[in-house]
Structure formats: C-alpha cells, structure tokens
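Take a look at the letters that make up each chain.
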Amino acid sequence: MTPPDPTAEHHQWWRDAVVYQVYVRSFADSDGDGIGDLPGITSRLPYLRDLGVDAVWITPFYTSPQHDHGYDVADYRDVDPLFGSLADADELLGRAHELGLRVIVDLVPNHTSSEHAWFRAAVAAGPGSPERARYLFRAGRGPDGSEPPNNWLSVFGGPAWTRLPDGEWYLHLFDATQPDLDWRNPEVPAMFEEVLRFWLDRGVDGFRIDVAHGLFKEETLRDQVRPAGETAPAPGSAPAPGDSMVARTLADEPMWDQPEVHEIYRSWHRILDEAGPDKMAVAEAWTQTPESMARFVRPDELDQAFNFSWLLADWSAEAFRDVITGTLEAVAPVGAAPTWVLSNHDVVRHPTRYGGGAQGLARARAATLTMLALPGSSYVYQGEELGLAQVDVAPEHRQDPSWFRTGEPGRDGCRVPIPWSGAEPPFGFGPGPDQPWIPQPAGWSALTVEAQTRAEGSTLEFYRAALAARRTFAATAGEDVEMIGDDEAVLAFRRGPVTVVLNCGTAPAALPPGDVFAASGDLPGGVLPPDTAVWLR
Ligand code: BGC
C-alpha cells in the first residue's frame, strides 16, 4: 500500500474510508500497567494495516484525571503520562503514515476537565470574574439559591449543575468533573483554534469532534420542557450510557443543536483547509432529524457526521432499508459522504444488541457486511473484528462515571481490553501477568487475534476478507444505491457492480443471479440462510 502523499491531487480520502476506532485504554499496553497506551497502539499498527482499514481514530489521550477516561481533558496540548508522551504521539503518527494509515484524533470542545487550568482559575477567582465567564456559572434559584439554575439533567444521570462552596453553580451536561465551556466567550473558540493547529502541525489527518451538537446552549439557559417526572437524559442527547438507545422523538432541547455552532465549524473548516486539502473532521452529533444532521456537513463545515440511525435500527429488513434511503437522501443535498457505524465505546456491542450468542454474532456479521457495501465510509470499533460481545462487568470493576451517578451498569462492558494471544488473561494485551484495568473473561482464549488468524470461518478472517473485497469496488462504485423490491424479510440493493442481499427473516431466501464474492456465513445449498448477508457480482 502506498503511504498518503500530501502533494497528491486533492482526494477526499474519508469519503470511502474504513476507519478503525481505537479506545486507547483498551487496545494494547506496552508497559505492563494494565492500561493501553500510545506505544502499544504503534506496535499494533501493522495488524491494522493488514486488517485492511484506511484510517485509525484514537480516543482522547491528552492529560486528564480520567474521570471519563480522557473525555475530561486537563491539557489539550499534551499526552497523559498514562498513555505516553508527545514524542510517542509523533512516533505513532509517523509510523501510521509509513504504513499508509491516516490518523484521526478526538477533540473534546464542549467541556474541559475540572482540573483544567481554566476551571481551577475560575473556582479560585470567584463569582463575577472573567475566569468564571469561560464556563457557565450561574446563581441558584430559590430564596437561598439552593436550587439549580434550571431543570437540565446530565447525560450521565442526575442534575446538570453542581454548586461550589461560594454558592455559585456550574453547568455540566456530563459528569461534575466535566464543566461545560461558554462558547459565546471569544476566549473559548480562540483556545480551540490553537489546539486544532497544534495537532495539525504534528501531522494528524483529522479530528473526531466530541459532542459536536452541544457547544452552544440557548443563551437564556431556560428550563427544558419535558414530560412531568421524566428523569432520563433528554431524548435527543448522547445515548444514555450502557444502551438506552431509545427511539428519539422531537423534543425541547435548549441545550443541544443551537444554530450558532455552525459558525464555529465554518471557521474550523478554514483552519483545516489551510493545513492541507486532505484534512477532515467528523462530528459526533446526536441531532433530532436527518436534516439537522446534514447541517453539520454542509460543504463549508465538517466533512462527516456519525450516522447513528444505522446503529439504532432494529434487526429488520424494513428498518435497514429506511435508514439507508433516509441517510442517502439527507446527505445528498449537501454533497457529503454518508457514514455507517454499528459499535463504538458508548454503546452495547452489536452482537449482543442483536440477541447475543451464535445468532447475535451471525446477525452482527451480516449487518457489518451490508454496511461495508454501502457508499461512504464505515467506522468499526476495536474488537468487533474478533466478534467480541458485551461483557457483564462486575460492579466492583465498573468505572464509567454514569455508573457512579445512576447505579446503571454503564459502558464498561464494551471497553474490555482486546485479547491478542495466549490462553489466559491478559491475552497478550500487555506484558503484565495480571488482568488489565477491566478483567477479561476467561472464555476469550478462543477469540484472540492469534486464535482466529487463518482459522476458517473466524470472525477475524471474515473481516479481513470483507475489507479486501470492499477494496476491489468501493472507491469506484459511485454513491447510488438502488433498492431491489421491498420484501419484509429480505433487504436487497445494488451498488455499482455489486448486489447485496441480507436475510433478516426466519426462512432461507433465494439468491439472485451472480457470483458470490463475499458472505457473512455459510451458504449451504446455494440459498441465503437467515441472519446472513452476501455480495454478488
Ligand atoms: C463520548 C463519550 C463521553 C462524552 C462526554 C461522548 O459522546 O463519546 O464517551 O463520555 O462524549 O465527553
């Protein structure tokens, strides 16, 4: 594979890329402390090149007290010693580029850590100070100010406000250690422009924008209108940790998706353009409609947004058909490439969502193969290529802040460190003899990279084959998808030279004419069994 050539004619590489998400704590540990790190990732880059992905997105590795595992940033321009050093980041970028892999880093602009220098200064400076004006500090309600300033709820459970001993409250849409910034204060956008330039200068190829829909809040910070007694996070917000991936209805959301945010993304677009034609940004934006999602990816804003409707769809031909059609219709008017994703570090892994066990895994592979045939880019989450299921993490090992705020299991079960080799924990995750930061199940010995390599029918070999097959057509197949029929149980569509059939029903389905060149499972007797997908040419 040829390394990216910065002087090459402008190719928007992300439009058809397969991006592999690395959750830094849980990918590979180089120093034996049981926690993944940057040198660990670097050592495994050849594995990712051989898997056949185009880019790697790495979750936050910046200085952080780790209350939300890096999504609470104390210094945006340094590496947490837990994960290595700036020199390790440079090494990772250099090695990835040598191997032809692009690198996307996470940017967390909605909030800082409560240990960021700005927040410490704000606490020290007191009410009314310019230091407090970088965040959303307010007086409380009620005669003695002991009620929060409004009724907003944290995505991680409980009120979105915490009171300081001096009586003022500050807003945190996530954990109390993640104070929300005030994006109407010009110092805030100015700081993030510097952060973007800092990482662009080091050679990153793109940014994943965390909570991209959250930066601005309605200026009055008015109460949210919601059904009496509702204590769950706002319906349009980021998914409730663990899984409450509830179907979202149009709701009153003064804390999300405010129009002012788009001016910020236009300015970031200019910064990325200045850095080179091959820099990109992808939004994590949980918006209420496909149209509002499309606003984030207008030609002068961000390049992509995660398409969570694919991940939210039920196991049903009709649901998948609707999401495909709806997604393509939403992005077409703005000219953005669609994206697809089935798992990430915030949701229950898709084999478990589809029912678990052999059937859940068969469905997961079938949904993945269907996804990989679609135009646009696909995001895959570490471990899905091994068929890992959600782990039921024992309460004493849970670390998700939402667990501490709600008592719900949270997201730790999709963040268990990757099993690479060997017969017992830590399965080659690191040099240490012990279990890593979240214990791995003993049964994972059959799921290691080593055990699955060259093993016929393994999920890893399925991913390798599917990604290799995708390379033979994806870049040139165009972005049109033609649905074939509207069968209740079977989804079928054509894209360029490829016909894709996914059987969501309970009976075997006939295969249309064509040569099979990728399948998610066996095709006994030349028919398509339930829970299976196939590509024909
Ligand atoms: C990230 C989460 C994180 C939250 C707060 C998200 O949407 O993906 O992992 O907890 O933002 O930063």
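Nothing here was measured: the structure is a model prediction, and the numbers come from that model.

Q: For this particular structure, what's the right way to read the confidence of the model for the chain?
A: Detailed reading of the predicted coordinates is not advisable wherever pLDDT falls low. Taken residue by residue, the chain gives an average pLDDT of 94. The fraction at 70 or more is 94%. Counting contacts from residues 1-8, a segment whose pLDDT is below 50, to residues more than four positions away or on other chains yields 12 contacts. Under a pLDDT of 50 for its full length, residues 234-248 has, in the predicted model, 46 contacts with residues more than four places off or in other chains.

Q: Would you take a moment to explain the site of the ligand for this structure?
A: Around the ligand lies a shell of 14 residues, among which Asp68, Asp210, Glu284, His345 and Asp346 are the nearest. Interatomic distance of 2.8 Å between a side-chain N/O atom of aspartate 210 and an oxygen atom of the ligand. Summarising the interface, the protein chains cover 99% of the accessible area of the ligand, which totals 310 Å² for the free molecule. By residue class, the composition of the shell around the ligand is 4 nonpolar, 3 polar and 7 charged.

Q: Quick question: what am I supposed to make of the pairing of strand β15 (residues 490-495) here?
A: On a regular strand, one side chain projects to one face of the sheet and the next to the other, so that they alternate. Counting buried positions along β15 yields 5 of 6 residues, so the element is predominantly enclosed. Bridge count for strand β14 (residues 482-483) against β15 is 2 bridges, and the pairing is antiparallel. Each residue of the ladder has a partner; that of glutamate 482, found in β15, is arginine 494. Counting the residues that bridge the hairpin from β14 to β15 gives 6 residues, and of these glycine 485 lies at a positive phi of roughly 70°. Where β15 and strand β16 (residues 498-503) come together, 6 bridges link them in antiparallel fashion. Residue valine 490 lies in a different strand from β16, and its bridge partner there is asparagine 503.

Q: For this particular structure, what's the right way to read the pattern of salt bridges?
A: Charged atoms that come close allow side chains of opposite charge to pair. Going through the model one piece at a time under the given rule, you end up with 31 salt bridges. Measuring nitrogen to oxygen at the nearest pair gives 2.9 Å for the salt bridge that ties glutamate 187 to arginine 134. In this pair, glutamate 187 is assigned in helix α4 (residues 187-202) and arginine 134 in the loop between α3 (117-125) and β6 (137-138), connecting sequence segments 53 residues apart. With a relative accessible area of 14%, arginine 134 lands in the buried category. With a shortest N-O distance of 2.9 Å, arginine 222 and glutamate 218 are connected by a salt bridge.

About the thresholds
Residues numbered from 1 in each chain as written. Predicted model: local features only at pLDDT ≥ 70, side-chain atom pairs only at ≥ 80, totals over all residues. Heavy atoms only, no water. pLDDT = per-residue confidence, 0-100. Contact = heavy atoms within 4.5 Å. Near = heavy atom within 4 Å. Polar contact = N/O pair within 3.5 Å; in protein donor to acceptor, adjacent residues only side chain to side chain. Areas by Shrake-Rupley, 256 points an atom, 1.4 Å probe, with all protein chains shown as cover. Nonpolar A, V, L, I, M, F, W, Y, C, P; charged D, E, K, R; others polar. Buried < 20%, exposed > 50% of the residue type's maximum accessible area, 1.4 Å probe, protein only. Helix = DSSP H or I, 4+ residues; strand = E, 2+ residues; numbered from the N terminus. Pairing = 2+ DSSP bridges. Salt bridge = Lys/Arg side-chain N within 4 Å of Asp/Glu carboxyl O.

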